[in-house]
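# Chain and residue survey
Single-letter residue listing:
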Amino acid sequence: APDLPDPPAVLTQIREVARLETLEVTLYKKVSFAPGPSPADSLWGDLAGWMRHTFSAPRGKAIVFAIARLGLDLSRLDASSVKVQDREVYVVLPPLRAVVELRPEDTEIVGSNLDSAETARLFDLAKVAFEREVEADEALRAKARASAERQVRALLLTLGFRVVHFVETL
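Cut-offs applied
Residues numbered from 1 in each chain as written. Predicted model: local features only at pLDDT ≥ 70, side-chain atom pairs only at ≥ 80, totals over all residues. Heavy atoms only, no water. Phe/Tyr/Trp six-rings, centres within 6.5 Å; stacked < 30°, edge-to-face > 60°. Lys NZ or Arg CZ within 6 Å of the ring centre and 35° of its normal. Core = buried A, V, L, I, M, F, W, Y, C linked by side-chain atoms within 4.5 Å. Buried < 20%, exposed > 50% of the residue type's maximum accessible area, 1.4 Å probe, protein only. Helix = DSSP H or I, 4+ residues; strand = E, 2+ residues; numbered from the N terminus. Contact = heavy atoms within 4.5 Å. Arc of directions from axis to C-beta. Pairing = 2+ DSSP bridges. Axes fitted to C-alpha atoms, helices over the stretch in contact; angles between N-to-C directions. Salt bridge = Lys/Arg side-chain N within 4 Å of Asp/Glu carboxyl O.

Let's shift gears to the packing of aromatic side chains. On inspection of all chains with the given rule, the structure shows 1 aromatic pair. A cation over a ring is seen here: Lys83 above Tyr90, with NZ or CZ 5.9 Å from the ring centre.

Another point: the nonpolar core. Side chains of nonpolar character tend, in soluble globular proteins, to be buried together. Within the largest apolar cluster, 37 residues are counted, with the highest numbers of intra-cluster contacts made by Ile14, Leu74, Val89, Val152 and Leu156. Of all the secondary structure elements, the ones that give two or more residues to this core are helix H1 (7-15), strand S1 (19-33), strand S2 (60-73), strand S4 (88-91), strand S5 (96-102), helix H3 (116-136), helix H4 (138-158) and strand S7 (163-166). If near-sequence neighbours (up to four positions away) are discounted, Val89 is found in contact with Val10, Val82, Lys83, Val84, Leu156, Phe161, Val163, Val164 and His165.

The subject of this paragraph is H1. Looking only at H1, the buried set comprises Val10, Leu11 and Ile14. For H1, the arc enclosing every buried residue in end-on projection is 100 degrees, short of the 170-degree limit, so these residues lie on one face. Contacts made by the buried residues of H1 are with strand S3 (82-85), S4 and H4.

Now for the sheet that holds S3. Pairing in this open sheet of 3 strands is mixed, and the strands run S3-S4-S7 from one edge to the other. The sheet is open, and its two edges are formed by S3 and S7, each paired on a single side. For this sheet the average axis-to-axis angle between neighbouring strands, irrespective of direction, equals 15 degrees. One ladder, built from 4 bridges, connects S3 with S4; its direction is antiparallel. Bridging across to S4, Val82 finds its partner in Val91. Lying over the sheet, H1 contacts S3 and S4, oriented at roughly 130 degrees with respect to S3. Packing against the sheet, H4 makes contact with S4 and S7, and its axis sits at approximately 145 degrees to S7.

Bringing the pattern of salt bridges into the picture now. Inspection of every chain in the model, using the stated rule, returns 7 salt bridges. A salt bridge links Arg69 to Glu24; its shortest N-O distance comes to 2.9 Å. Of this pair, Arg69 sits in strand S2 while Glu24 is found in strand S1, placing the two residues 45 residues apart along the sequence. What makes Glu24 partly exposed here is its relative accessible area of 49%. A salt bridge links Arg141 to Glu135; its shortest N-O distance comes to 3.3 Å. Given a relative accessible area of 18%, Arg141 falls into the buried group. When its relative accessible area of 35% is taken as the criterion, Glu135 is described as partly exposed.

Topologically, Thr119 is positioned in helix H3. Look at Thr119 and you get partly exposed, because its relative accessible area is 22%. For the pair Thr119 and Phe33, spaced 86 residues apart in the sequence, the C-alpha separation amounts to 8.6 Å.

Written out as structure tokens, the structure is:
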């Protein structure tokens, strides 16, 4: 049988994958935003803000689309993440990361009298909501984790290992 690579070589092979994107999903969400009055530097500024909120309160509604990518940052692996025993290898994978990218070209503004800063805030709120939703979705996380394990396992099997174990700690 061919010689197996030592743990540092295995680690290098896995790390070459760097950022392994294992799942990509398209999401959409209806978002509403109605900011409250913000304090001004002067009495006249406060009065103008009060009048704006009294007679034409800023409100915005949009259907925001985004792409969420779940993956592993394999560059975070170190020597304590891989253990080789005969033809078996034990790997501790880093936690999954979710990255959300808004798709403004697909976004539909349903109704808005927000200024540009308030509209930017609406989009920030939508992005945070998408990130929380994806992070909390156990089914998506399980699917992404399984995909990552399949890809890393395939790499390690081509290196000559017969059994690959994914563990929480070594």
